[in-house]
Amino acid sequence: MLKKGDVVSVSYRSGYDKQGNPVMETYDKCIVEDINGSHIKVSYRVIGQSENGKDLVEVHEMSFNVNSPDFISVTPHQQ
């Protein structure tokens, strides 16, 4: 069972392309922030660079309903 602080990979269907095929998204190394019934909230880091060349780290959060047909899987991250 997942718990807060676990590192996971999350896959979901983010939409459809022009031919009607599903577009799949996967986020690796997400941290479980909260689990409430069928809802899971995860955070992940996005690393970029500022104009002066310094690394910038942004933390993004996403919430999923695991019973949604668009949700594919949540998999514990392999070390």
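Residues numbered from 1 in each chain as written. Predicted model: local features only at pLDDT ≥ 70, side-chain atom pairs only at ≥ 80, totals over all residues. Heavy atoms only, no water.

*Asks:* For this particular structure, what's the right way to read the packing of aromatic side chains?
*Replies:* Any two aromatic rings considered together are summarised by their centre-to-centre distance and by the angle between their planes. If you walk through the whole model with that rule in mind, you get four aromatic pairs. Between F64 and F71, the ring centres sit 5.6 Å apart and the planes meet at 55 degrees, which makes this aromatic pair tilted. Neither residue differs from the other here; F64 and F71 are each classed as buried. By the ring-pair criterion, three or more aromatic residues cluster together here, those being Y12, Y27, Y44, F64 and F71. (Phe/Tyr/Trp six-rings, centres within 6.5 Å; stacked < 30°, edge-to-face > 60°. Buried < 20%, exposed > 50% of the residue type's maximum accessible area, 1.4 Å probe, protein only.)

*Asks:* Where do I start with the environment of I47 in this structure?
*Replies:* Residue position: I47 is located in strand 3 (residues 39-49). When its relative accessible area of 62% is taken as the criterion, I47 is described as exposed. Along the backbone, I47 and S63 are 16 residues apart, and their C-alpha atoms lie at a distance of 20 Å. With sequence-adjacent residues up to four places away left out, I47 is seen in contact with L56 and V57. (Helix = DSSP H or I, 4+ residues; strand = E, 2+ residues; numbered from the N terminus. Contact = heavy atoms within 4.5 Å.)

*Asks:* Help me out: how do you make sense of the sheet that holds strand 2 (residues 22-36) in this one?
*Replies:* Hydrogen bonds between backbone groups are what pair the strands of a sheet, and the pairing can be parallel or antiparallel. What the five strands build is an open sheet, ordered 4-3-2-1-5; its pairing is antiparallel. Looking along the sheet, the strands with just one partner apiece sit at the ends: strand 4 (55-65) and strand 5 (71-76). When the angles between neighbouring strand axes are averaged without regard to direction, this sheet yields 35 degrees. (Pairing = 2+ DSSP bridges. Axes fitted to C-alpha atoms, helices over the stretch in contact; angles between N-to-C directions.)

*Asks:* Sorry if this is basic, but what is going on with a nonpolar patch on the surface here?
*Replies:* The grouping of I47, V57 and V59 at the surface amounts to a nonpolar patch, some 320 Å² of accessible area in total. Within the secondary structure, V57 sits in strand 4. In this structure V57 comes out as exposed when scored by relative accessible area, which is 53%. (Patch = residues over 30% accessible without salt bridge, like charges linked within 9 Å, V, L, I, M, F, W, Y side chains within 5 Å. Areas by Shrake-Rupley, 256 points an atom, 1.4 Å probe, with all protein chains shown as cover. Salt bridge = Lys/Arg side-chain N within 4 Å of Asp/Glu carboxyl O.)

*Asks:* Help me understand the nonpolar core, please; the structure alone is not making it clear to me.
*Replies:* A general tendency of soluble globular proteins is for nonpolar side chains to be buried together. Judged by nonpolar contacts, V8, V10, Y12, C30, V32, I40, V42, Y44, M62, F64 and F71 together constitute the single largest core of eleven residues. The set of elements that each furnish at least two residues to this core consists of strand 1 (7-16), strand 2, strand 3 and strand 4. (Core = buried A, V, L, I, M, F, W, Y, C linked by side-chain atoms within 4.5 Å.)

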